Amino acid sequence: MVKVALLSKWHVHADDYARQAAQNKHLEIKVVWDENAERGNEWAGKLGVPFEQDLLKVLADPEIEAVIVDTPTNLHKEIILLSAKNKKHIFTEKVLAFTMEDCKEIYEAVSNNNVKLMVSLPRLTENYYLYAQQVIDEGLLGKLTYIRCRLAHNGAVPFEGHPNGWLPKHFFNKEECGGGAFIDLGAHPIYLTNRLAGPVKAVTARLQNQFGYDVDDNSVAIIEYESGALGTIETGFLSGRSPFQLELYGTEGTLLIEDNKITLNSKQAGEGWNAPEKLPEPLPLPIEQWVNSIIDETEPNITDHDVLGLTLINQAAMISHNQGRRVEIAEIIVDKQKV
């Protein structure tokens, strides 16, 4: 059994990861820490484990082998570096960090201390993504010319008794989050399109604030790819009943995905629109891939390249919005090499 500490219940997915950990036969939750002691105590009580207010004491405990980090995003770097230096394997919520330089520092610490780091990018395990990748790899669309991905919900739309919507109030704290809809919910379209369309050349973004929050609540980015293809990433906290949409257009066909409906119209795959006869089997969840990498050195499907690409697009989008211009990826450099 891998003994795990839960570090913070700040993120809305913290309960999900605690449940996944509890259900994993290789993990055992031993302790909770939270930067908010009241919240941490309450959570620990529900989980039936101790609460420890001293983070350094948790990380110094030789019994604890791994941590699940769901702190405010602005604490990721500090806490992940401390965890790595204390030889703890690390699972965390996206994004890893706000800048490529911070990501580089984290990965150096992870490598130097020989621990496993996993960032939760769950849609890379879904059958619809795997089918889209298969369609691309088999050339059924010809040359990819355009990709569009939209993921939005109504989490910031006020309703009776909830002036900020159903999202927790701290999701609108710019210092803690680093941004709003684009950096959080928009992460999923970003890493999906990064995988499917390939290396990015430039980003032009508009991170809109419609409801007066300190962070963006309705956002879009135009992506230019090195292949010559174009893309749009759309996200927001203001859209009621908005379906998930992933669209790929190429010289020989089109693939449309809307929630559970998948249709392909390809010159190479028969006449008209067709649903796939069978979808690929989903891959293990990110937390399962992390555990497998710890136990038997299994290489995860979710890679460092996926994680870095997510921060890269967010960093470029923020610069683009703040400066009102198109940002070339070559402007964002790590070790004098383009990422």
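All of the points below concern the structure found in this document.

Side note on the overall build of the protein
Here's step 1: Looking only at helices and strands, the protein has 10 helices and 15 strands in total.
Here's step 2: Rg of the C-alpha trace for the protein: 20 Å, near the compact-globule value of 20 Å for 339 residues, within the 12% margin.
Here's step 3: Taking the principal axes of its C-alpha atoms as reference, the protein extends roughly 60 × 45 × 45 Å.
Here's step 4: Looking at the protein residue by residue over its 339 residues, the buried ones come to 52%.
Here's step 5: Counting every atom, the protein has about 15500 Å² of accessible surface; 47% of that belongs to carbon and sulfur.
Here's step 6: Distance between charge centroids for the protein: 2 Å, based on 32 positive and 48 negative side chains.

Observations regarding the nonpolar core
Here's step 1: Of all hydrophobic cores here, the largest spans 109 residues; its most connected members are L7, V203, L255 and W290.
Here's step 2: Setting aside its immediate chain neighbours within four residues, L7 contacts W33, L55, V58, L59, V67, I68, V69, D70, T71, I79 and S83.

Considering the pattern of salt bridges
Here's step 1: Across all of its chains, the model carries 21 salt bridges by this definition.
Here's step 2: The salt bridge partner of D102 is K77, with a shortest N-O separation of 2.9 Å. With a gap of 25 residues between them, D102 in helix α5 (residues 100–112) and K77 in helix α4 (residues 76–85) connect regions that are remote in the sequence.
Here's step 3: By relative accessible area, which is 25% here, K77 ends up partly exposed.

Rules used in this analysis
- Residues numbered from 1 in each chain as written.
- Predicted model: local features only at pLDDT ≥ 70, side-chain atom pairs only at ≥ 80, totals over all residues.
- Heavy atoms only, no water.
- Helix = DSSP H or I, 4+ residues; strand = E, 2+ residues; numbered from the N terminus.
- Rg over C-alpha atoms; globule rule 2.2 N^0.38 Å.
- Buried < 20%, exposed > 50% of the residue type's maximum accessible area, 1.4 Å probe, protein only.
- Areas by Shrake-Rupley, 256 points an atom, 1.4 Å probe, with all protein chains shown as cover.
- Lys, Arg positive; Asp, Glu negative; His and termini not counted.
- Charge placed at Lys NZ, Arg CZ, Asp CG, Glu CD.
- Core = buried A, V, L, I, M, F, W, Y, C linked by side-chain atoms within 4.5 Å.
- Contact = heavy atoms within 4.5 Å.
- Salt bridge = Lys/Arg side-chain N within 4 Å of Asp/Glu carboxyl O.

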